[in-house]
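Listed below are the residues making up each chain.
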Amino acid sequence: MIMNTMASRVAYGLYRAAGRAAEPALHLLLRWRRLRGLEHPTRWPERFGRPSSPRPLPPAPGGRPCVLWFHAVSLGEGLASIPLIKHCLRHRPDFLVLMTTTTLSAFEVIKDQLPSCVIYQLAPLDSPMAMENFLSYWKPDAVLLMESELWPNLIISAAERGNTVQAVRFQLLHASPSIIHFAAVGDLDVSEKDARKINNLQLQMNNRPIWMAASVHKGEEEVMLWAHDELIKIFPTLLMILVTRHPQDGQKIASELKKQRVNVSLRSRSEVIFPSTSVYVVDTLGELRMLYRVTPIAVIGGSFLPGLAGHNVSEAAAMGCAVLTGPHVGHFSHMLGEMRKSNVLSVSQVAGKIELLETLKLLLGDAKALEDRQKAAKQAFSIMSNGVVGRVWNLVNTIVLEKFDGVAY
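Residues numbered from 1 in each chain as written. Predicted model: local features only at pLDDT ≥ 70, side-chain atom pairs only at ≥ 80, totals over all residues. Heavy atoms only, no water.

Participant: Run through the nonpolar core, naming residues and quoting values.
Facilitator: Ile-241 and Tyr-292 are the most contacted members of the largest nonpolar core, which has 35 residues in total. If we skip the residues at most four places from it in the chain, Ile-241 touches Met-205, Ile-210, Trp-211, Met-212, Ala-213, Tyr-280, Val-282 and Val-294. (Core = buried A, V, L, I, M, F, W, Y, C linked by side-chain atoms within 4.5 Å. Buried < 20%, exposed > 50% of the residue type's maximum accessible area, 1.4 Å probe, protein only. Contact = heavy atoms within 4.5 Å.)

In structure tokens form, the structure reads like this:
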């Protein structure tokens, strides 16, 4: 045990020293990323822990503000935090909530969905200086990490500050790894804006058979387009909705398909879906939930190539899609296992492109099989999401927040 502790300290010391040595290069890297549109054009200094918002004053004279810091890397984890943040604010409106995400795509979508009282910043780099700047300014009382990635400077710097900071992953709260992902879906009501989009798309699709490939990573489009080419030999009016993980990938795919004389429409350009359109490429952010409402079948990407680790399937299930995913799902395997325990038809994990094609043939050609899988997915979501936000809040409340004053808030 002593040797393990010493080894850990040495490893962290080396990591911290490497971080300090790399800080000049990190400045150059972030400036380069900003010029390429990969960082926020004006708020990118937040990545070095430099705040763009004032730190609120205590709620009462002499009081101690309790700052809860929710940190997520990307869009999926960021969305997962919103229901919990809202629940927290309803129960403890005196808390100050600080939210950070790492990616620009997450920032652009989430900034419009958070309650107005939440302070939203871009996450600091996990370098000693950036983390020290951030922690010294915001002084969070609890750090809630919404994913399983390791952030050594964040966790250890917070712990070393000697105050009541707690660095906690939800996996350490004895919660199933899938539980927080089912919290991500939140409110299932359709906004007026989305209702108009859905109606408009349904009119353009005109009752054609449809399937959707969602959150497709670079390289996976080859699998999806191959399957679609095979399927239209059997279902000639079939439309595929191809939603890329990164918008720029969608634009490149659409351009390449047009060169191949494939009838393709691009969403960011408001191109209409004609009866002859074979592929509808969606290169926008924040529209997956709406799109799940217009397709009966959702193939979740990020899972068909080695090195990928899957994506959250709960939103597709919640919207009543027949859900398929590939073999490379990482820690989402826990979620898939729980869903299948609830209903074996709730999600299909295929071994590769051949099995993907065969499953899609079945679902597109057998209305009863499609309906059974749609119902199973929705049922599994309903079972697993029931009261999930309240349960996670109770865990946070009991294990983390009671340390502030000795009793649970």
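Participant: If you had to explain the sheet that holds strand β12 (residues 347-349) to someone new, which residues and values would you point to?
Facilitator: With respect to topology, seven strands assemble into an open sheet ordered β8-β9-β7-β6-β10-β11-β12, the strand pairing being parallel. Each edge of the sheet is formed by a strand with only one pairing partner; in this case those strands are β8 (264-266) and β12. Averaged over all pairs of adjacent strands, the angle between strand axes in this sheet comes to 20 degrees, irrespective of strand direction. Alignment of strand β10 (residues 297-300) against strand β11 (residues 322-325), held across four bridges, turns out to be parallel. Along β11, the bridge assignment pairs Ala-298 with Val-323. (Pairing = 2+ DSSP bridges. Helix = DSSP H or I, 4+ residues; strand = E, 2+ residues; numbered from the N terminus. Axes fitted to C-alpha atoms, helices over the stretch in contact; angles between N-to-C directions.)

Participant: An account of the pairing of strand β4 (residues 142-145) is needed here, citing residue identities and associated values.
Facilitator: Here β4 shows a buried face lined by Ala-142 and Leu-144 and a second buried face lined by Val-143 and Leu-145. Inspection of the sheet shows strand β1 (residues 67-72) paired to β4 by four bridges, in the parallel sense. Along β4, the bridge assignment pairs Phe-70 with Leu-144.

Participant: Mind laying out the packing of helix α13 (residues 353-365) against helix α14 (residues 367-385), listing which residues take part and the relevant values?
Facilitator: Look at α13 against α14: their axes get within 5 Å of each other, and the N-to-C directions meet at 105 degrees. On the basis of the axis angle, α13 is roughly perpendicular to α14. Between α13 and α14, the residues in contact are Thr-359, Leu-362, Leu-363 and Gly-365 and Ala-367, Ala-369, Leu-370 and Arg-373, respectively. Looking at side-chain class alone, the contact of α13 with α14 contains five nonpolar, two polar and one charged residues. (Parallel < 35°, antiparallel > 145°, perpendicular 65-115°, else oblique. Nonpolar A, V, L, I, M, F, W, Y, C, P; charged D, E, K, R; others polar.)

Participant: Lay out the pairing of β1 in plain terms, naming residues and giving numbers.
Facilitator: Two faces make up the sheet, and in a regular strand the side chains alternate between them. With respect to burial, β1 is a largely interior element, six of its six residues being buried. The alternating pattern of β1 places Val-67, Trp-69 and His-71 and Leu-68, Phe-70 and Ala-72 on opposite faces, both of which are buried. Here β1 runs beside strand β2 (residues 96-101); their pairing, made up of six bridges, is parallel. The residue of β2 that forms the bridge with Leu-68 is Val-97. Handedness of the β-α-β unit built from β1, helix α2 (residues 75-91) and β2 comes out right-handed. (Right-handed = clockwise from strand over helix to strand, strands pointing away.)

Participant: Residue-level account of the confidence of the model for the protein, with values.
Facilitator: Of all residues in the protein, 81% attain a pLDDT of 70 or more, and the chain-wide mean is 83. With pLDDT under 50 throughout, residues 162-180 is counted as low confidence; its partners more than four residues away or in other chains account for 53 contacts. (pLDDT = per-residue confidence, 0-100.)

Participant: Account for helix α8 (residues 220-231), with residues named and values stated.
Facilitator: Relative to the 16 Å expected for twelve residues at 1.5 Å per residue, α8 spans 17 Å between its end C-alpha atoms, a close match to the ideal helical length. The set of residues buried in α8 consists of Glu-220, Glu-221, Val-223, Met-224, Leu-225, Ala-227, His-228 and Leu-231. Tucked into the core, α8 has its buried residues touching β6 (210-216), β7 (239-244), α9 (247-259), β9 (279-282), β10 and α13. (Expected span 1.5 Å × (residues − 1).)

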